[in-house]
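Here's the letter readout for the chains.
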Amino acid sequence: MSTPTTVSGFTADVENERTAQFWFDLVPRVLEVHGVTRLAARMVRVRFTGEDLHGFPTVAPEDHLKLFFDRAADGSPNVPVVGEDGRWNSGAHVHRDYTVRAFDPSGPFLDVDFVLHDHGVAGRWAGAARPGDRIAALGPRGAFLVKDVADWYVFAADETALPALARWVEGLRPGVPVTAFVEVSDAADEIPLASAADLDLHWLHRGAAPAGTTTLLVDALRAAELPAGTGYVWVAGEAISIKPARRYLSRDLRLDRDSYDVDGYWRRGTRNHDHHEDEPGDSHDE
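Not measured: the values here are computed from a predicted model. (Residues numbered from 1 in each chain as written. Predicted model: local features only at pLDDT ≥ 70, side-chain atom pairs only at ≥ 80, totals over all residues. Heavy atoms only, no water.)

A.B. asks: What exactly am I supposed to notice about the UniProt feature "domain: FAD-binding FR-type" (unreviewed entry) in the protein here?
C.D. replies: Under the present numbering, the feature "domain: FAD-binding FR-type" (unreviewed entry) in UniProt falls on residues 26-147. Taken end to end, residues 26-147 has its terminal C-alpha atoms 24 Å apart, with 7% of it in helix and 41% in strand. (UniProt positions renumbered as here; feature names shortened; annotations may be inferred. Helix = DSSP H or I, 4+ residues; strand = E, 2+ residues; numbered from the N terminus.)

And the structure:
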């Protein structure tokens, strides 16, 4: 019997040769802003700290947590209450899902990258964040780890999924072929991506087109020449715009289910979007 996969002290609950799933207790936390770093014209990294981060679980590039932007009557973070059955009242809060960009248990420090825009509560909060600000958080509730055993990788993501893509490529083994397509507004939103893999990176600029309305990612994916061997394709962005990618990968290329994932990170016109509630097959539920 093979040894169970263990990452950062956490052992997989279910796994096969290519993937591993982890489940964690759903823990409410209060985080404090430690610092804010500008990454690009419309992206900042907020570093959080706080006693509640001790024991924080993260093992995979797509790990995410919910951040809560509503406030209690006294102005303090409105912390969600999790019942004994593990449920909480999502309708009582204003929340958004964010990728765990990095976690350093020695701080402890948690890094979360935010896209800045003035039409959303999260972007406005991040644009004004200062050290000492406090915010409530919940999760991660689990993780889906794709083991680094593929012969090659192809990634296609917009800026909302860029933190996960960045974490993914920096963790891949040296020399493995990776093609990555990233859609952003323009060159001012491009950021350096560190990787020991053989990374072929393509920035796709949508210009004045609203985010989530172009076919740039799907077109790039269709035009890509996939190498021989067993690979893995990951597509993430606005849920409706990337739906054709799922059909292409499953029906046209006939990839098996462990060889791809198409994940709706957000949906135009939908607040408090939870990508676990997308259509069946949209993502690997945790």
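There is more to say, and it comes next.
A.B. asks: Honestly, the sheet that holds strand 4 (residues 19-23) in this entry has me stumped. Any pointers?
C.D. replies: Within a beta sheet, neighbouring strands are joined by backbone hydrogen bonds and run either parallel or antiparallel to one another. Spatially, three strands are ordered 3-4-12 in an open sheet, and the strand pairing comes out antiparallel. The sheet terminates laterally at strand 3 (14-15) and strand 12 (142-146), the two strands that pair on one side only. For strand 4 and strand 12, the ladder comprises five bridges, and the chain directions are antiparallel. Bridge pairing in strand 12 links Phe22 to Ala143. (Pairing = 2+ DSSP bridges.)

A.B. asks: Hey, could you run me through the packing of aromatic side chains in this one?
C.D. replies: A ring pair, where both rings are aromatic, is described by two values, the distance of the centres and the angle of the planes. What the rule picks out here adds up to 14 aromatic pairs. With centroids separated by 5.9 Å and ring planes inclined at 65°, the aromatic side chains of Phe69 and Trp125 adopt a geometry described as edge-to-face. Taken together, the positions of Phe69 in the loop between strand 7 (64-68) and strand 8 (95-99) and Trp125 in helix 1 (residues 121-128) put the pair 56 residues apart, joining distant regions of the chain. Like Phe69, the residue Trp125 is buried in the burial classification. Ring geometry for Phe155 and Trp234: centres 5.9 Å apart, planes at 85°, overall edge-to-face. Linking Phe155 in strand 13 (residues 152-158) with Trp234 in strand 16 (residues 231-238), this pair joins segments that are 79 residues apart in sequence. By the burial criterion, Phe155 is buried, and Trp234 matches it. Ring pairs connect the aromatic residues Tyr153, Phe155, Trp168, Tyr232, Trp234 and Tyr265, which therefore count as one cluster. (Phe/Tyr/Trp six-rings, centres within 6.5 Å; stacked < 30°, edge-to-face > 60°. Buried < 20%, exposed > 50% of the residue type's maximum accessible area, 1.4 Å probe, protein only.)

A.B. asks: I'm lost on the packing of helix 3 (residues 216-223) against helix 4 (residues 243-252) in this one. Help?
C.D. replies: The angle between the axes and the distance between the axes are what describe a pair of packed helices. At a minimum axis distance of 9 Å, the contact between helix 3 and helix 4 shows a crossing angle of 20°. As the angle between them shows, helix 3 and helix 4 are arranged roughly parallel. When helix 3 is examined against helix 4, the residues Val218, Leu221 and Arg222 are found in contact with a partner set consisting of Pro244, Ala245, Tyr248, Leu249 and Asp252. Taken together, the residues of the contact of helix 3 with helix 4 sort by class into six nonpolar, no polar and two charged. (Axes fitted to C-alpha atoms, helices over the stretch in contact; angles between N-to-C directions. Parallel < 35°, antiparallel > 145°, perpendicular 65-115°, else oblique. Contact = heavy atoms within 4.5 Å. Nonpolar A, V, L, I, M, F, W, Y, C, P; charged D, E, K, R; others polar.)

A.B. asks: Is there a simple way to think about the nonpolar core in this case?
C.D. replies: Note that soluble globular proteins tend to have their nonpolar side chains buried in a common cluster. Residues Tyr153, Phe155, Leu162, Leu165, Leu172, Val178 and Trp234 are the most contacted members of the largest nonpolar core, which totals 30 residues. When contributions to this core are tallied by element, the ones reaching two or more residues are strand 12, strand 13, helix 2 (162-171), strand 14 (177-184) and strand 16. A per-element tally of this core places helix 2 first, with six residues. Setting aside its immediate chain neighbours within four residues, Tyr153 contacts Lys147, Asp148, Leu172, Arg173, Val176, Pro177, Val178, Thr179 and Tyr232. With 22 residues, the next largest nonpolar core counts Val44, Phe69, Val112 and Ile135 among its residues. (Core = buried A, V, L, I, M, F, W, Y, C linked by side-chain atoms within 4.5 Å.)

A.B. asks: Quick question: what am I supposed to make of unusual backbone geometry here?
C.D. replies: Leave glycine aside and you will find that most residues have negative phi; peptide bonds, for their part, are mostly trans. Look at the link from Gly107 to Pro108: it is a cis peptide, with omega at -5°. Among the secondary structure elements, Pro108 is positioned in the loop between strand 9 (102-104) and strand 10 (109-115). Cis rather than trans, the peptide bond between Gly139 and Pro140 has omega equal to 0°. Along the chain, Pro140 falls in the loop between strand 11 (134-138) and strand 12. We note that Ser8 has phi near 50°; this positive angle belongs to a residue other than glycine. A relative accessible area of 59% means that Ser8 is categorised as exposed. Positive phi values are uncommon outside glycine, yet Arg254 reaches one of about 55°. Inspection of the secondary structure puts Arg254 in the loop between helix 4 and strand 17 (260-266). When its relative accessible area of 69% is taken as the criterion, Arg254 is described as exposed.

A.B. asks: Would you explain the side chain of Thr214 in this entry?
C.D. replies: With respect to the secondary-structure elements, Thr214 resides in the loop between strand 15 (198-205) and helix 3. A distance of 3.1 Å separates a polar atom in the side chain of Thr214 from a polar atom in the side chain of Glu183. Among the polar contacts made by the side chain of Thr214, one reaches the main-chain amide nitrogen of Leu216 at a distance of 3.3 Å. Apart from residues lying up to four places away in sequence, Thr214 is in contact with Glu183, Arg206, Ala209 and Ser241. (Polar contact = N/O pair within 3.5 Å; in protein donor to acceptor, adjacent residues only side chain to side chain.)

A.B. asks: How should I be thinking about the pattern of salt bridges in this particular structure?
C.D. replies: Where charged atoms from two side chains of opposite charge approach closely, those side chains can pair. Taken as a whole and assessed by the stated rule, the structure comprises 14 salt bridges. Here Arg101 ties to Asp113 by a salt bridge, and the two come within 3.9 Å at their closest N and O atoms. Of this pair, Arg101 sits in the loop between strand 8 and strand 9 while Asp113 sits in strand 10, and the two are 12 residues apart along the sequence. One salt-bridge network, held together by shared partners, links Arg45, Arg101, Asp113 and Glu170. (Salt bridge = Lys/Arg side-chain N within 4 Å of Asp/Glu carboxyl O.)

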